[in-house]
Amino acid sequence: MTSPEIMERANRIAALPFVVVGGRSSFARGARSSLLDIWDHRELLAGLVRREIKSRYKDSSLGIVWSLFRPLAQLLIYYLAIGKVLGAARGTPDFAIFVFIGLTTWGLYAEIIQGSTTSVLNNAGLVKKVYLPREIFPLSTVGSAMFNALVQMVVLALAIVFLSSAPFRFGWTLLYAPLGIATVIVFAVAVGLVLSALNVYLRDTQHLVEIVMIVLFWASPIVYSYTYVHALLHGNWLEQVYLANPATIAILGVQKALWAAGSLNIGGIAQAWPPDLGLRLAITLLVSLALLLPAQRIFARLQGNFAQEL
Amino acid sequence: MNHPTIARVSDVSKRFVLHKDKSLKERLVNFAASRRHRDDFWALKDVNLDIEVGSTVGLVGHNGSGKSTLLKVIGGIIEPTTGMVERRGRLAALLELGAGFHPDLTGRENVYLNAAILGQSRAETARVFDEIVEFSGIEAFIDTQVKFYSSGMYVRLAFAVAIHVDPDLLLVDEVLAVGDEPFQRKCMDKIAQFQSEGRTILLVSHSAEQVGSLCDRVVVLHSGEIRYDGATERGIQILRAGYEDERRHQEQAHQSVTGEVPPYSIVEATAEAQESSGSLDVIVRVTVDIERPRDHWVLGLSIDNTLGMRLYGVTSLDLDVELPNAVGRHDIVVTLPDVRVGTGTYLLNVGVGDRFGQNYDRAPGAASFQTTAPTAGHGLLRINPRFASQSAKSPHA
């Protein structure tokens, strides 16, 4: 008494190859299959990003506008305290636009890293009960961080159009902006993957990350311009260390592309830019991309015990 | 028919390391000691299992026997320490209802998200969305945030989503039969439909009755090892015997601590089936030792089928029977005339206690009887049906 439906299913399954569940596989092949697995779950990834964004501002009457208020408040503080009180605005034309570019880029970077770090822990319920490629969780924070950054960039574009004192420069350097943003995202994803897995085993990670990010915020030219760093260090090895920071290079790239006044010698001292900024940016992006592979492999190695550690 | 294998578990062992210190400071402080102080616990030991397409397999065992761990290993949620799990076809793991439900999202949004978590695409979900909502019976609240749902609505929606994904292999952990009775019946119907569609179900359950009615194969786990793998009836018997051993063990431990001898104890129980001209009489003989008589006592007996379903139960209290109540050994004979059960083996449970429900002694499955008489039809009851027909002329003829 076997119905054709049962036969059909049995035959279909008999034709499928066996897949080893959660087995340790070789370096490159493992990465490939992980990538395919994530790709298979792309709709879930989109769903989780939507969940994140929707639930964050559900039941608040201003909704998405809130995601703007924090960077705007930060902008106001830095503009007044550092720009006006400490006088940085005098040496930095269009200081508000300059700061907002840095804040937006840094905000994206920091949100991905900090969000990823706690992402697996926050989804403990799912990790313990359902099989999913666990990379989904850190990746879903990228989506919501990018959404926030996008909203800020709309405001930034408006600010550039209406407030910029220098005419907007179209040219090859404009490409530095997407390149810089891409670098920030890729590097943050690589770091976030490792941190999210580490945080499962060692909860101290998330607190450590929080502090390190505060320090790193001041190690990139966000509220002060690179010109001050250059004037202080005169291109010595310390300055090279400063420039080796992927976030620094990425932020400088975005500034070069969008901060028109900084490339003209108007309204103050001429701005300094690191030599070969485009090349540095390209190399940083490539290195970040290459880092994704070991980061994913570390994650894959650590994720086997997630369900029992949570 | 030759059934292909859908999942194969080879020599799988799983070790859990129990360590209590979680923070960096604790680990540094206890670094030298941590190797010595950590406890190993083997949740699974060299488990081998082949699961065939279209079968419904019940994983049973005591608490802590490793059945949930095995299910998680097959589902890929936990990685085995040694050994390998191979699998093919589409899998849905139903280890917790509503895993991933977000309280701030509406029912509709959660349906899509939860279906995606269970591996279904948006388009597939959209196709069965109306069915899901209808099955859950909460049409009016589908656009309400889930946090305002009653717990019943919550599990019904979660179950409806889970049951509408299209898996080849469904892993279920203790989540069948939620909600009220009509909904439970709907759930069971859906499971039966799954079976008739040739889907494979791997089920962890504590309910012998549920396992008995659903599964065609039972795997009994005991402290991480497979103790039995085969026919459902035998598996349930072994599980029951295991429970019974444990109970006796505890009772003895209790007795040795308190030094108390039970006032009434069952020495032996036998059952004899007498078949004559199509009617079955069962004669039950129970031997009871009375040590310290109380002012009354009650003898109870019940009949189970081998799948663990309770068919009948009666006590001497129900019938107002006077039982002997003097110190010493007593034989009590209970005759059950004309027991109309279908062909098969039946288990007899005997117990003694007081009228308020406190047990002095129990002997589950103390005796069994068989009936081999051929019956018409099949099922739990023996019925000899008579068919009659009346025909009227068709109005069109």
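Our subject is the structure that appears above.
Now for a quick tour of the structure.

Looking only at helices and strands, chain B has ten helices and 16 strands in total. With respect to the principal axes defined by its C-alpha atoms, chain B has extents near 95 × 70 × 50 Å. Residues classed as buried in chain B amount to 48% of the 397 residues present. For chain B, contacts bridging at least 24 residues in sequence account for 71% of all contacts bridging at least 6. Carbon and sulfur atoms make up 50% of the accessible area of chain B, which amounts to about 20100 Å² in all. Distance between charge centres in chain B, computed from 42 positive and 52 negative side chains, equals 5 Å.

What follows concerns helix α13 (residues 246–258) of chain A. Note: α-helices contain 3.6 residues per turn, so residues at a spacing of three or four share the same orientation. Residue and element names in this part refer to chain A. Here α13 spans 18 Å end to end across 13 residues, near enough to the 18 Å set by a 1.5 Å rise per residue. Taking burial as the measure, the 13 residues of α13 include 13 buried ones, the bulk of the element. For α13, the side-chain oxygen to backbone nitrogen distance between the N-cap and Ala-247 is 3.1 Å, and the N-cap itself is Asn-245.

For the rest of this paragraph, the subject is the nonpolar core. In terms of nonpolar packing, the biggest core is built from 82 residues, with Trp-106 and Tyr-109 of chain A touching the most fellow members. Once residues within four sequence positions are removed from consideration, Tyr-109 of chain A is found in contact with Val-184, Phe-187, Ala-188, Met-213 and Ala-247 of chain A. Residues Ala-115, Val-133, Val-146 and Leu-203 of chain B belong to the second largest nonpolar core, which totals 45 residues.

Moving on: the sheet that holds strand β11 (residues 279–290) of chain B. One key point about sheets: their strands pair by backbone hydrogen bonds, in either a parallel or an antiparallel sense. Residue and element names in this part refer to chain B. Pairing is antiparallel across the open sheet formed by three strands, whose spatial order is β10-β11-β14. Among the strands making up the open sheet, the edge pair consists of β10 (264–276) and β14 (328–336). Taking the axes of each pair of neighbouring strands and ignoring which way they run, one obtains an average angle of 15° across the sheet. Direction of pairing for β10 relative to β11: antiparallel, over a ladder of twelve bridges.

With that settled, the discussion passes to the packing of α13 of chain A against helix α14 (residues 277–303) of chain A. Residues and elements named next belong to chain A. Their axes nearest at 10 Å, the elements α13 and α14 cross at an angle of 135°. It follows from the interaxial angle that α13 and α14 lie oblique. Of the two elements, α13 crosses α14, and the hand of that crossing is left-handed. Every residue of α14 that contacts α13 at Pro-246, Ile-249, Ala-250, Leu-252, Gly-253 and Lys-256 is listed here: Leu-277, Arg-280, Leu-281 and Thr-284. Its residues assigned to classes, the contact of α13 with α14 shows six nonpolar, two polar and two charged.

Take the pattern of salt bridges next. Residue and element names in this part refer to chain B. One pass over the full model with this rule turns up 17 salt bridges over all chains. A salt bridge links Arg-90 to Glu-124; its shortest N-O distance comes to 3.4 Å. Placement of the pair is Arg-90 in the loop between β4 (82–87) and β5 (91–94) and Glu-124 in helix α5 (residues 122–136), with a sequence separation of 34 residues. Its relative accessible area of 23% is what places Glu-124 among the partly exposed residues. Measuring nitrogen to oxygen at the nearest pair gives 2.9 Å for the salt bridge that ties Glu-197 to Arg-199. For Glu-197, a relative accessible area of 12% puts it in the buried group.

A few words now on a nonpolar patch on the surface. All names here are of chain A. A grouping of Leu-62, Ile-64, Val-65, Trp-66, Phe-69, Leu-72 and Phe-147 is seen on the molecular surface, where their side chains present a nonpolar patch of about 550 Å² in accessible area. With three residues, helix α4 (residues 66–85) is the largest single contributor of residues to the nonpolar patch. Summarising the element assignment, Val-65 is placed in the loop between α3 (42–57) and α4. The class of Val-65 is partly exposed, set by a relative accessible area of 32%.

Residues and elements named next belong to chain B. Counting buried positions along strand β12 (residues 298–305) gives eight out of eight residues, so the element sits mostly inside the fold. The alternating pattern of β12 places Val-298, Gly-300, Ser-302 and Asp-304 on one face and Leu-299, Leu-301, Ile-303 and Asn-305 on the opposite face, and all of these are buried. By the bridge criterion, eight bridges tie β12 to strand β15 (residues 344–353) in an arrangement that is antiparallel. Pairing of Ile-303 across the sheet is with Leu-348, part of β15. Where β12 and strand β13 (residues 310–315) come together, five bridges link them in antiparallel fashion. Residue Ser-302 lies in a different strand from β13, and its bridge partner there is Gly-313. With antiparallel pairing between neighbouring strands as the criterion, β12 and β13 make up a hairpin whose turn holds four residues, including Gly-308 at a positive phi of roughly 90°.

Time to look at the interface of chain A and chain B. Across the boundary between the two partners, chain A contributes 47 residues, which contact 54 residues of chain B. For the pair chain A and chain B, the summed buried area comes to about 4300 Å², and 58% of that belongs to carbon and sulfur atoms. When the buried surface of chain A facing chain B is broken down by residue, Phe-18, Val-21 and Lys-129 of chain A rank first, second and third, together holding 18% of it. Connecting chain A to chain B are three salt bridges. If you look at where chain A meets chain B, you find six residue pairs in polar contact (both at pLDDT 80 or more). Among the secondary structure elements, those contributing two or more residues to the side of chain A that touches chain B are α1 (4–15), β1 (19–20), α3, α7 (124–129), α9 (176–201) and α15 (306–309) of chain A.

This part covers unusual backbone geometry. Phi is positive for Asp-94 of chain A, which is not a glycine, with a value near 50°. Secondary-structure assignment places Asp-94 of chain A in the loop between α5 (88–91) and α6 (95–122). Its identity is not glycine, yet Asp-46 of chain B carries a phi of approximately 45°, on the positive side. Residue classification places Asp-46 of chain B among the exposed residues on the basis of a relative accessible area of 55%.

With that settled, consider the sheet that holds β4 of chain B. Read from one edge to the other, the open sheet built from four strands follows the order β1(A)-β4(B)-β1(B)-β2(B), with strand pairing classed as antiparallel. In the strand order of this sheet, the two ends are held by β1 of chain A together with β2 (39–52) of chain B, each with one partner. Where strand β1 (residues 5–18) of chain B meets β2 of chain B, ten bridges bridge the pair, whose relative direction is antiparallel. The partner of Val-12 of chain B across the bridge, within β2 of chain B, is Val-47 of chain B.

For any pair of aromatic rings, the description consists of the separation of the ring centres together with the inter-plane angle of the planes. In total, this model carries 20 aromatic pairs over all chains according to the counting rule given. Connected via pairs of aromatic rings, a cluster forms that spans Tyr-78, Trp-106, Tyr-109, Phe-187, Phe-217 and Trp-218 of chain A. Arg-156 of chain B extends its terminal NZ or CZ atom over the ring of Phe-183 of chain B, reaching a point 5.8 Å from the ring centre. The cationic tip of Arg-199 of chain B hangs over the ring face of Phe-194 of chain B; the distance from NZ or CZ to the ring centre is 4.6 Å.

The next point concerns α4 of chain A. All names here are of chain A. Its 20 residues place the ends of α4 27 Å apart at the C-alpha level, agreeing with the 28 Å of an ideal helix rising 1.5 Å per residue. The largest bend along α4 measures about 25° and falls at Tyr-79. Taken together, the buried positions of α4 are occupied by Ser-67, Leu-68, Pro-71, Leu-75, Tyr-78, Ile-82 and Gly-83. Buried positions along α4 lie against α3, α5, α6, α8 (136–163) and α10 (204–218). In the segment just after α4, Gly-87 is the residue with positive phi, at about 85°.

Rules of the game
Residues numbered from 1 in each chain as written. Chains lettered and ligands numbered in written order. Predicted model: local features only at pLDDT ≥ 70, side-chain atom pairs only at ≥ 80, totals over all residues. Heavy atoms only, no water. Helix = DSSP H or I, 4+ residues; strand = E, 2+ residues; numbered from the N terminus. Buried < 20%, exposed > 50% of the residue type's maximum accessible area, 1.4 Å probe, protein only. Contact = heavy atoms within 4.5 Å. Areas by Shrake-Rupley, 256 points an atom, 1.4 Å probe, with all protein chains shown as cover. Lys, Arg positive; Asp, Glu negative; His and termini not counted. Charge placed at Lys NZ, Arg CZ, Asp CG, Glu CD. Expected span 1.5 Å × (residues − 1). Polar contact = N/O pair within 3.5 Å; in protein donor to acceptor, adjacent residues only side chain to side chain. Core = buried A, V, L, I, M, F, W, Y, C linked by side-chain atoms within 4.5 Å. Pairing = 2+ DSSP bridges. Axes fitted to C-alpha atoms, helices over the stretch in contact; angles between N-to-C directions. Parallel < 35°, antiparallel > 145°, perpendicular 65-115°, else oblique. Left-handed = near helix turned anticlockwise from the far one by under 90°. Nonpolar A, V, L, I, M, F, W, Y, C, P; charged D, E, K, R; others polar. Salt bridge = Lys/Arg side-chain N within 4 Å of Asp/Glu carboxyl O. Patch = residues over 30% accessible without salt bridge, like charges linked within 9 Å, V, L, I, M, F, W, Y side chains within 5 Å. Buried area = accessible area lost by both parts, 1.4 Å probe. Phe/Tyr/Trp six-rings, centres within 6.5 Å; stacked < 30°, edge-to-face > 60°. Lys NZ or Arg CZ within 6 Å of the ring centre and 35° of its normal. Bend = angle between axes of the 7 residues up to and from the residue.

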